[in-house]
Every structure is written in C-alpha cells, then in structure tokens.
Amino acid sequence: MEKIRMLSTLGLMGAMRSLSSAFETARGIHVDADFAPTLALLKRLRAGEAADLVILTREGLDEMIGEGRVIADTAADLARSYVGLAVRKGAPHPDIANEAALRKTLLAARSIAYSRLGASGVYFARLIARIGIAAEINAKATIVEQGFTAERLVSGEADLAVQQISELKQVEGIEVIGPVPHDLQTPAVFSAGRMVDAKQAEAAEALLRYLASPEVVPVLRRSGLEP
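Within every chain, residues take consecutive numbers counted from 1 along the sequence as written. pLDDT decides what is reported in this predicted model: residues at 70 or higher carry local features, side-chain atom pairs at 80 or more are listed and counted, and totals for whole chains, interfaces and linings draw on all residues regardless. Just so you know, side-chain values use all the structure's heavy atoms and leave hydrogens and water out.

**Topic: the sheet that holds strand S5 (residues 83–88)**
Here comes step 1: The sheet built from five strands is open, its strands ordered S7-S6-S8-S5-S9 with mixed pairing. On the outer flanks of this sheet lie strand S7 (142–144) and strand S9 (174–179), each paired with one strand and no other. On average, each strand axis in the sheet is tilted by 30° relative to the strand beside it, whichever way the strands run.
Here comes step 2: With four bridges joining them, S5 and strand S8 (residues 160–164) adopt antiparallel strand pairing. When the bridges of S8 are listed, Ala86 appears paired with Ala161. Strand pairing requires that DSSP identify at least two bridges connecting the strands. Labels follow the DSSP assignment, with helices taken as runs of H or I lasting at least four residues and strands as runs of E lasting at least two, numbered in each case from the N terminus. Fitted lines through C-alpha atoms give the axes, limited to the stretch in contact for helices. The angle between two N-to-C directions lies from 0 to 180 degrees.

Right, dumping it as structure tokens:
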C-alpha cells in the first residue's frame, strides 16, 4: 500500500485520525501521521525531518513557505480553532463569561495547566500578561512541554486546563467549560501544505484536496473545530 508521511499539529489530532482512516479506505493510501505542537514540528522540519504533507498553524506554514520547505501554491486553510478551558469531570464549572469573570476564575484556581510549545500556550501567556495576572498564574501553573494539558486534570495536578478546544476534547474524564470570551480570543488557523521534497507528491496532494473539501466539515465540527 502507498504511504504518505504527515506531520500535524496536535489541534487536529482527533479529526485527522478519523479523516485519515476514511481517506485510506477510499483511496488505498495509508497516512503515517505524527502529531506534536507546531513549534516542536517546526524545529524537527528545520532539523531535516522528512514528510510529504504538514499541517501547522497558518503562521508556522507561512514560515515553512518562506524558507522554501513547503510549496506556496499547495497551502490550504483547513480549520479555525478556539482556546477553551476544562475541568475534571464532575467538578463545578466556574464562570468565564467575560474578562472580569475569567480573571477571577484564573486567580482562584489552585493550578492551571497550559502548554509551552502549542499555539494555545503562546496565546495564553500573552492573555494573562494582557489582563495583568501573569506573575500570579505562572507562580502556580502546571506547564506542559508537549501533549494534552487536560491530562493534568485527570491526574489531579491542576484544576483548570487551557488548550485548543479540539485538544481538550481528546482527553477522557474531563469537561470543557467553554471558550475563552471571544473578545479576548485570537483563533488559531490550521493550514496544510505539501513539502517541496515530498516523496509521495501526488498522493499528498490528493489528501490535501480531501482535507480541504466540504465533506470533512462534520468531522471537524465534532472535534471542536470550525471549518
């Protein structure tokens, strides 16, 4: 069976597992997927790791295009993702409806898990600085180098987890409270592109066309993403 090597941001992990399987069934092409935060993937690509197709934040993809690693004409925006908060299953849902409520909830939390390398972590670090509580939050934060922040709710290390809603939804035993208030959000756009030195160029472009097609929209929505 033909095989495509794909490196994808964690934010699309849930959707991509389902979509890769559907693509493999329809086209007879296996998708060998590896998931990590965008900043980690950029580092690996710059170190020379090979792939046919990459899915990164739009900013990350633009950097790869600028460095001549991804073909500009193949770039496709796949989904928009919002950052949300989650608690352990069965725990009360604190108020995060507006900036004042969110600030109060964050300050009251024993510990907040957020990611160091993902788009959500970069955004959250800016957000707490913007609302003037960075020192207090970071003094008690549970910083996650890679992976899903909501796992720290299940283990009891944190009582609030911050990440893309699509990533929070990957963890069992938690409940998503909702998105950070929209006036404080900068949604991440996840985009795909074919690598310049792709070994399976034709198959990679077929997968790209499929991921950018209307038929994948329901799967994206179910996993907490906006097309």
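From this point, things continue past the structure.
**Focus: the packing of helix H2 (residues 38–46) against helix H3 (residues 58–66)**
Relative placement of two packed helices is described by the angle separating their axes and the distance separating the axes.
Here comes step 1: Closest axis-to-axis distance for the H2/H3 pair is 10 Å, and the angle between their directions is 15°. The pairing of H2 with H3 is recorded here as roughly parallel in orientation. Here H2 and H3 pass one another in a crossing that is right-handed. Across from Thr38, Leu42, Leu45 and Arg46 in H2, the residues of H3 making contact are Gly60, Glu63 and Met64.
Here comes step 2: Per-class residue counts for the contact of H2 with H3 are three nonpolar, two polar and two charged. By the definition adopted for this analysis, an angle is roughly parallel if under 35 degrees, roughly antiparallel if over 145, roughly perpendicular if from 65 to 115, and oblique otherwise. Throughout, a crossing is termed right-handed when the near helix is turned clockwise from the far one, and left-handed when it is turned anticlockwise from it by less than a right angle. Whether two residues are in contact is decided by their heavy atoms: any pair within 4.5 Å suffices. Basically, the charged four are Asp, Glu, Lys and Arg, the nonpolar ten are Ala, Val, Leu, Ile, Met, Phe, Trp, Tyr, Cys and Pro, and anything else, Gly included, counts as polar.

**Regarding helix H9 (residues 201–211)**
Here comes step 1: Using a 1.4 Å probe on the protein chains alone, a residue whose accessible area is under 20% of its type maximum counts as buried, one over 50% counts as exposed, and one in between counts as partly exposed. Three or more residues of H9 are buried, namely Ala203, Ala204, Ala206, Leu207, Leu208, Tyr210 and Leu211.
Here comes step 2: Buried residues along H9 sit against strand S1 (2–9), helix H1 (13–27), strand S2 (29–36), strand S3 (53–57), strand S4 (76–81) and strand S10 (188–194).

**Describing the sheet that holds S3**
Here comes step 1: The sheet built from five strands is open, its strands ordered S2-S1-S3-S10-S4 with mixed pairing. The outermost strands of the open sheet, each flanked by one partner alone, are S2 and S4. Adjacent strand axes in the sheet meet at a mean angle of 20° when their direction is disregarded.
Here comes step 2: Where S4 meets S10, five bridges bridge the pair, whose relative direction is antiparallel. Directly across from Asp77, in S10, lies its bridge partner Ser191.
Here comes step 3: Docked against the sheet, H9 engages S1, S2, S3, S4 and S10, running at close to 150° with respect to S10.

**Things to note about the pattern of salt bridges**
Oppositely charged side chains can pair when the atoms bearing their charge come close.
Here comes step 1: Any Lys or Arg side-chain nitrogen located within 4 Å of an Asp or Glu carboxyl oxygen qualifies as a salt bridge. Under the criterion given, the structure shown has 15 salt bridges.
Here comes step 2: Of the charged contacts in the structure, one is a salt bridge between Arg46 and Glu67, with a shortest N-O distance of 2.6 Å. Taken together, the positions of Arg46 in helix H2 and Glu67 in the loop between H3 and S4 put the pair 21 residues apart, joining distant regions of the chain.
Here comes step 3: Among the residues examined, Glu67 registers a relative accessible area of 36% and is labelled partly exposed.

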